[in-house]
Amino acid sequence: GGWIVWLLFTVVTLLAFCLDVVLAPAVDKFVLRLEHPEQLYIGADDTLTIHVQCAMNRYPIKLDVAVGVNDKLRPCAPIDLHLSSNGTATGQCPLVPVRRGLGQVEHLVFRYSGPLGLIRRLSRRPGNWTVDILPNIQAVRDAAISAESRAESGRFLRLNLHNARFRLRLIDPRGTVVDLA
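These figures come from a predicted structure and were not determined experimentally.

Draft legend 1. Representation of the overall build of the protein chain. Check the secondary structure of the protein chain and you find 2 helices and 10 strands. Moving toward the C terminus, one meets the helices and strands of the protein chain in the order α-β-β-β-β-β-β-β-β-α-β-β. For the protein chain, the proportion of its 181 residues judged to be buried stands at 28%. Partitioning the contacts of the protein chain with sequence separation of at least 6, the portion at a separation of at least 24 is 66%. For the protein chain, the accessible surface area stands at approximately 12300 Å², while carbon and sulfur atoms represent 61% of it.

What follows is the structure, given as C-alpha cells:
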C-alpha cells in the first residue's frame, strides 16, 4: 500500500514541474530596452532605466534584474521588477561614477520563477552600452561665477555709495541751490 502513495506523489510532482515549465515564458520572449544618459559626471549621480516587455505573459511575474558594470561605475543592488498581466515593467538603477574614463554596462542578468514557483529561469544578456565619465567642473564653475558676481555687486555698491555722497545740485541764475536727488 505505501508504494502506491509514493508513486502517486512522484507522478503529481512531475506533472506540477512539467506544468510550471510549460506555463513559464521562455527566456527569449523577454525584450529589454535601456534608457541611459549620454555623459556622466563624477559627483553627479544619474539613472539607468530598464524597460522589460514579455510577449507571452499569462500571469504576473516577478523579475530579479542585476546590472553588471565595469570598475568605473559603482555596482547597484539587484532590481525587483513586477511584470503586470500586460507584460511590461520599468525599473531604475542608480549610476554612480567612481573614476573618470569609459563606464560600461557589461551585462544584465535576470531571473524569474514559474507560476507555481517550482522552477527558476536565468538569462544573461550583454549590456552593450558605454558612457563617458567626465570630471564635474559644474560646481567649480558655479563657485567662480558666484564669486565674480559678488565682486561685481561689491563694485556696484561702492559706486552707488559714492554717488549717494556726491549729490547732484543745480545752481540757478539767482544763486539758489536746488538738490536734484
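Draft legend 2. Expanded view of the state of the cysteines. One pass over the full model with this rule turns up 1 disulfide. With a sulfur-sulfur separation of 2.2 Å, Cys76 is cross-linked through a disulfide to Cys93. Here the disulfide of Cys76 and Cys93 is left-handed, its torsion about the S-S bond being about -115°. Of this pair, Cys76 sits in the loop between strand 4 (61–69) and strand 5 (79–83) while Cys93 sits in strand 6 (residues 88–95), and the two are 17 residues apart along the sequence.

Draft legend 3. Up close: the pattern of salt bridges. Applying the stated criterion to the full structure yields 6 salt bridges. Where Arg120 meets Asp64, a salt bridge forms, and the shortest distance between an N and an O atom there is 3.3 Å. Of this pair, Arg120 sits in strand 8 (residues 120–134) while Asp64 sits in strand 4, placing them 56 residues apart in sequence. Classification of Asp64 as buried rests on a relative accessible area of 12%. With its nearest N and O atoms 3.2 Å apart, the salt bridge here joins Arg99 to Asp71. Taken as a pair, Arg99 in the loop between strand 6 and strand 7 (101–113) and Asp71 in the loop between strand 4 and strand 5 lie far apart in primary sequence, 28 residues in all. When salt bridges with common partners are traced through the structure, they connect Lys62, Asp64, Asp80, Arg111 and Arg120 into a single cluster.

Draft legend 4. Geometry of the nonpolar core. Membership of the largest hydrophobic core comes to 29 residues, with the highest contact counts inside it found for Phe30, Ile50, Leu63, Val67 and Leu83. For this core, the elements supplying multiple residues, two or more each, are strand 3 (46–54), strand 4, strand 5, strand 6, strand 7 and strand 8. Looking at which element gives the most residues to this core, the answer is strand 4, with 5 residues. Residue contacts for Ile50: discarding those within four places in its chain leaves Arg33, Leu34, Val65, Val67, Ile79, Ala89, Thr90, Gly91 and Leu108.

What counts, and where the lines are drawn
- Residues numbered from 1 in each chain as written.
- Predicted model: local features only at pLDDT ≥ 70, side-chain atom pairs only at ≥ 80, totals over all residues.
- Heavy atoms only, no water.
- Helix = DSSP H or I, 4+ residues; strand = E, 2+ residues; numbered from the N terminus.
- Buried < 20%, exposed > 50% of the residue type's maximum accessible area, 1.4 Å probe, protein only.
- Contact = heavy atoms within 4.5 Å.
- Areas by Shrake-Rupley, 256 points an atom, 1.4 Å probe, with all protein chains shown as cover.
- Disulfide = S-S within 2.5 Å.
- Salt bridge = Lys/Arg side-chain N within 4 Å of Asp/Glu carboxyl O.
- Core = buried A, V, L, I, M, F, W, Y, C linked by side-chain atoms within 4.5 Å.

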